[in-house]
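Here is what each chain is made of, one letter per residue.
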Amino acid sequence: MDKNLLEIKNLTKRFYDSLVVNDLSFKIKGGETFGLLGPNGAGKTTTMRMIMNIILPDEGEILFNGIDRQKTKGLHFGYLPEERGLYPRAKVLDMLVYFGTLNNLSHRKAEVEAIRYLDRLGMIEFTDSRIDHLSKGMQQKIQFIAAFLHDPDVLILDEPFAGLDPINQVVLREILEEYRANKKILLISTHQMEQAERLCDHICLINNARVILDGKMSEIKRKFRENAYYIESDSDLSFLHEIEEISILEENKTAYKFTMIDKEIPVSTFFSRLKGRAKIRKFEIVEPSLHDIFINLIQEKSKV
Amino acid sequence: MRNLLKIACWEFKSRIRAQSFFFNTFVSPIIFTALIALPVFLFQYQPQIQTKLIGVIDLSGENLTSDLQDELNRYFHTDSRSPLYQILNVSPVNVTNYQNSLKELQEIEARRDSISALYNQIKSQRTFLYTNSQSANRDRQLVQSYEKMQLVREERELIEIELQRFKTVLDSVYKREAVKMADTLLISDNLDAYLVFNLDFARTGNVQYHSKNPGDFLEIERFERVLQGIITRHRILNDEIEPSKLRNWFRPIQIKKFQILQEGQKEWNFYIQLYGPLIAVFLLFMAVFSSSGYLFSSILQEKSNKVIEVLLSYASSAQIMGGKILGLGFLGLVQIFIWISITALIVKSGLFTNQEIDYLTLTNAFFFILYFCLGFLFYGAIFITFGSLSTNEYDTQQISQVLRMVAIFPALLSLMVLSDPESMLIRVLSYIPFLSPSFMIMRIPLSGALNKLDIILTIAIMVLSIIIVIIIAGKIFRTATLMQGKKVSISEVWRWLKHN
């Protein structure tokens, strides 16, 4: 299969008088992890619902591999809603098989896949338990399995890591990695910037129904880079104040953050000044955190 | 379509395992049938093992005891076919008080007799004097005997008056003693009740009924019926009609009830004929409303725990809606099937004679299931719409309360349907989609001859209404299920209908 592509073009949705999604456009390529970020009420859930065809857009179109979303037949979605919920009285395996068969899996295949994932998430002994007898965390794992058991073409996860312990976060990340390797569409919506930063290749930040930032994670980071460097040593670095070419942003006895005053001067000049005066343990280009970018952008926009 | 069936299957399976299904299918019909049948049973089949002893105080002297006994024997029997009522003539002839009075009366009567004899003797003596004009002292003797006769006559009249007066006294002594006696027997439970007939009972129509329990309507109604006949007969007798004619006039009548059917006539039993279709309507009602209750709770639950969002991303809203209605409708059918099977078992076990429930035909069963399906689809679509609109259990309860009242309305008119299933009012009411299934389920077995026009018409009306309701439901369902927590106003719903 060629690379999948989900295109969102000029999507607009109104609920009565309020504009929930306004002229939204972005593309999700198969094989990348797409992060849809934004503050509460930005229109994330509505956008996801439109992609899943639960609600219809007022304007704009959603294309899957160039074909209108409405016309594509047999497209399967996996969805993990932000608020988790399952049939409380159903048995784990029964419910997973039900969701699997709703997505065109045969009964047998659904059963096999369900058991495989249950095993992987360490829940094999709860196969026949009633859902309401499980703990909240376990229920959440069941909900994950329900979302990707049928190997969907488009997987949409709303806050996937909320309330999950670190071990299961790792397992989940592994599973998502496998899924991504199949070049399928993966959309994650989250408030947890560290998670998004670690997981997403591409992010789209929306606020007040509009896209305010869209691009590859690496490009965005480059764009917001402050040309800052970070240096750390075992010994005292206070002599850095004597170097004229740099301006110090943050300092600590053994760790400094600085920028080159003249952006044209290469970093190698700094190293030549440094020569022999200290043993350097760590030197890196300071990448802006997504968290900072997010807060800066949102605050900037709301000021305007 | 496949998803629709899968959803239907899921809903069906998860509900049929629930305890509530067992309760609704087995326990509540038993309670319900018992509630209907028990009063009828208790009233109709009061165990009548013992013969009841009824006392009669007859002051009329018309020998009512045997009359009453005959009449009661004709109508009422115990289970072993022996007479239910035994009449006992309460008479105080052996009571000392009465005997004393009677003795006194006899003395007066003896005195009256002797004086009458004396009087007659004087009269015959005088006749002799008149006829023998030659006898000596005739004139003197005539005068003397005349005076004597005057005296005797006077005395006789006095005794006559005394006798009359004493007879009245005796009557009241008789009554008083008889009542005293009957009361004693009643209190000591030797009598179940006693009747008092006064002298003029035929004219006034008043009869006294004394019992420890004069509120027993069944008993009183029986006596009223029997006494009406007896009193009427006595009134006619007093008008000097020949007794043989009278007997002819009062020959008891018996009404046998027949129902006209195309294939012939059959005998008719009120309770079974009425209760059969009525119970059918109640079963329909219970099946529809228990399944609809599931529909409500299933949607509410999915709405509140967000499963609906996941479902909507897997299947279209039409599939979800259709699947739910289908699955739970099928559940209702299973319920009905279980009930029909139980009924068939009861029939086989011979609790009823076959004739009594011969409306349990395949045709009627077919129409029952047909109208059940139509009714379920109609109400199901309405329920699913309101279920998706409501935000909590309380709202849904209010709505289902209203719909329940509407749907049970035909059962309240069941007596009207029974008296004339094809009356204009009932026919018109049958055309209302909310009422149509219940009315038709009652009408078809009751009317005997199937009204083909009405059947076609109501089916058409139902199908059309179901389509309309499902279209409306589909429009509302998708939008409403995604709404959270907020109560939906009517104007909003109207806007959805226009916009979608």
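For the structure, see preceding data.
Residues numbered from 1 in each chain as written. Chains lettered and ligands numbered in written order. Predicted model: local features only at pLDDT ≥ 70, side-chain atom pairs only at ≥ 80, totals over all residues. Heavy atoms only, no water.

Draft legend 1. The overall build of chain B, seen in detail. Helices and strands together make up the secondary structure of chain B, namely 18 helices and six strands. Of all 500 residues assigned to chain B, the portion counted as buried reaches 43%. Expressed as a percentage of contacts within chain B between residues at least 6 apart in sequence, the contacts between residues at least 24 apart total 76%. Roughly 27,600 Å² of accessible area belongs to chain B as shown, and the carbon and sulfur atoms make up 61% of that amount. (Helix = DSSP H or I, 4+ residues; strand = E, 2+ residues; numbered from the N terminus. Buried < 20%, exposed > 50% of the residue type's maximum accessible area, 1.4 Å probe, protein only. Contact = heavy atoms within 4.5 Å. Areas by Shrake-Rupley, 256 points an atom, 1.4 Å probe, with all protein chains shown as cover.)

Draft legend 2. Highlighting the overall build of chain A. Within chain A one finds nine helices and 14 strands. A fraction of 66% describes how many contacts in chain A between residues 6 or more apart in sequence connect residues 24 or more apart. Total accessible area computed for chain A in this model is approximately 14,900 Å², and 47% of it derives from carbon and sulfur atoms.

Draft legend 3. Representation of the interface of chain A and chain B within the structure. The interface of chain A with chain B comprises 29 residues on the first partner and 22 residues on the second. A buried area of about 2,400 Å², summed over both sides, lies between chain A and chain B, and 57% of it is on carbon and sulfur atoms. In terms of surface lost to chain B, no three residues of chain A exceed Y16, I54 and L102 of chain A, which account for 28% of the buried area on that side. If you look at where chain A meets chain B, you find two salt bridges. For the pair chain A and chain B, the interface holds six residue pairs in polar contact (both at pLDDT 80 or more). Elements represented by at least two residues in the side of chain A that touches chain B include exactly strand 6 (77–80), helix 2 (92–102) and helix 4 (136–148) of chain A. Residue contributions to the side of chain A that touches chain B peak at six residues, all from helix 2 of chain A. Classifying every residue of the side of chain A that touches chain B gives 17 nonpolar, eight polar and four charged. (Buried area = accessible area lost by both parts, 1.4 Å probe. Salt bridge = Lys/Arg side-chain N within 4 Å of Asp/Glu carboxyl O. Polar contact = N/O pair within 3.5 Å; in protein donor to acceptor, adjacent residues only side chain to side chain. Nonpolar A, V, L, I, M, F, W, Y, C, P; charged D, E, K, R; others polar.)

Draft legend 4. Just the packing of helix 1 (residues 2–16) of chain B against helix 11 (residues 317–348) of chain B, in detail. Residue and element names in this part refer to chain B. Direction vectors running N to C along helix 1 and helix 11 enclose 45 degrees, while the axes themselves pass 7 Å from each other. Taken together, the axis directions place helix 1 and helix 11 in an arrangement best described as oblique. As helix 1 runs across helix 11, the sense of the crossing is right-handed. Where helix 1 abuts helix 11, its residues N3, L4, L5, I7, A8, E11, F12, R15 and I16 lie against Q319, I320, G322, G323, K324, L326, G327, L328, F330, L331 and V334. By residue class, the composition of the contact of helix 1 with helix 11 is twelve nonpolar, five polar and three charged. (Axes fitted to C-alpha atoms, helices over the stretch in contact; angles between N-to-C directions. Parallel < 35°, antiparallel > 145°, perpendicular 65-115°, else oblique. Left-handed = near helix turned anticlockwise from the far one by under 90°.)

Draft legend 5. Representation of unusual backbone geometry. All names here are of chain A. Of note in the backbone geometry, N65 takes a positive phi value of approximately 50 degrees without being a glycine. Topologically, N65 is positioned in the loop between strand 4 (59–64) and strand 5 (67–68). One non-glycine residue with positive phi stands out, namely K183, at about 60 degrees. Structurally, K183 is set in the loop between helix 5 (166–181) and strand 8 (185–190). A relative accessible area of 43% places K183 in the partly exposed class.

Draft legend 6. Structural detail: the pairing of strand 6 of chain A. Residues and elements named next belong to chain A. With burial as the criterion, each face of strand 6 is covered, one bearing F77 and Y79 and the other bearing G78 and L80. Of the pairings in the sheet, the one linking strand 6 to strand 7 (residues 154–158) comprises four bridges and is parallel in character. Counted as the bridge partner of G78 is L155 from strand 7. (Pairing = 2+ DSSP bridges.)

Draft legend 7. The arrangement of the sheet that holds strand 6 of chain A in detail. Residue and element names in this part refer to chain A. If you walk across this open sheet you meet the six strands as 6-7-8-3-9-10, and the pairing is mixed. Looking along the sheet, the strands with just one partner apiece sit at the ends: strand 6 and strand 10 (210–216). Strand-to-strand twist in this sheet, taken as the mean axis angle between neighbours without regard to direction, amounts to 15 degrees. Pairing of strand 3 (residues 33–37) with strand 9 (residues 202–207), which is carried by four bridges, proceeds in the parallel orientation. In the sheet register, L37 faces strand 9, and the bridge partner there is L205.

Draft legend 8. Layout of the packing of aromatic side chains. Taken as a whole and assessed by the stated rule, the structure comprises 23 aromatic pairs over all chains. Measuring from centroid to centroid gives 5.7 Å for Y229 of chain A and F258 of chain A, while their planes differ by 35 degrees, and the two rings are tilted. You can see Y229 of chain A sitting in strand 11 (residues 228–233) and its partner F258 of chain A sitting in strand 13 (residues 255–260), a full 29 residues away along the chain. Classification of Y229 of chain A by relative accessible area gives buried; the value is 10%. With centroids separated by 5.3 Å and ring planes inclined at 70 degrees, the aromatic side chains of F366 of chain B and F367 of chain B adopt a geometry described as edge-to-face. The class of F367 of chain B is buried, set by a relative accessible area of 11%. Members of the aromatic cluster, each reached through a chain of ring pairs, are Y87, Y98 and F99 of chain A together with W10 and Y314 of chain B. If you follow R116 of chain A out to its NZ or CZ, it ends over the ring of Y117 of chain A, 5.0 Å from the centre. Its guanidinium or amino end placed over the ring of Y119 of chain B, R156 of chain B lies 4.5 Å from that ring's centre, counting from NZ or CZ. (Phe/Tyr/Trp six-rings, centres within 6.5 Å; stacked < 30°, edge-to-face > 60°. Lys NZ or Arg CZ within 6 Å of the ring centre and 35° of its normal.)

Draft legend 9. Region of the structure containing the nonpolar core. Y87, M95, L96, F99, I142, I156 and L176 of chain A are the most contacted members of the largest nonpolar core, which has 139 residues in total. Here the element with the most residues in this core is helix 9 (residues 270–305) of chain B; it accounts for 15 residues. Excluding its chain neighbours within four sequence positions, the residues that come into contact with Y87 of chain A are M95, Y98, F99 and I131 of chain A together with W10, Q301, E302, V307 and L311 of chain B. Counting 19 residues, the second-largest nonpolar core is a separate cluster that includes F76, Y85, A193 and L227 of chain B. (Core = buried A, V, L, I, M, F, W, Y, C linked by side-chain atoms within 4.5 Å.)

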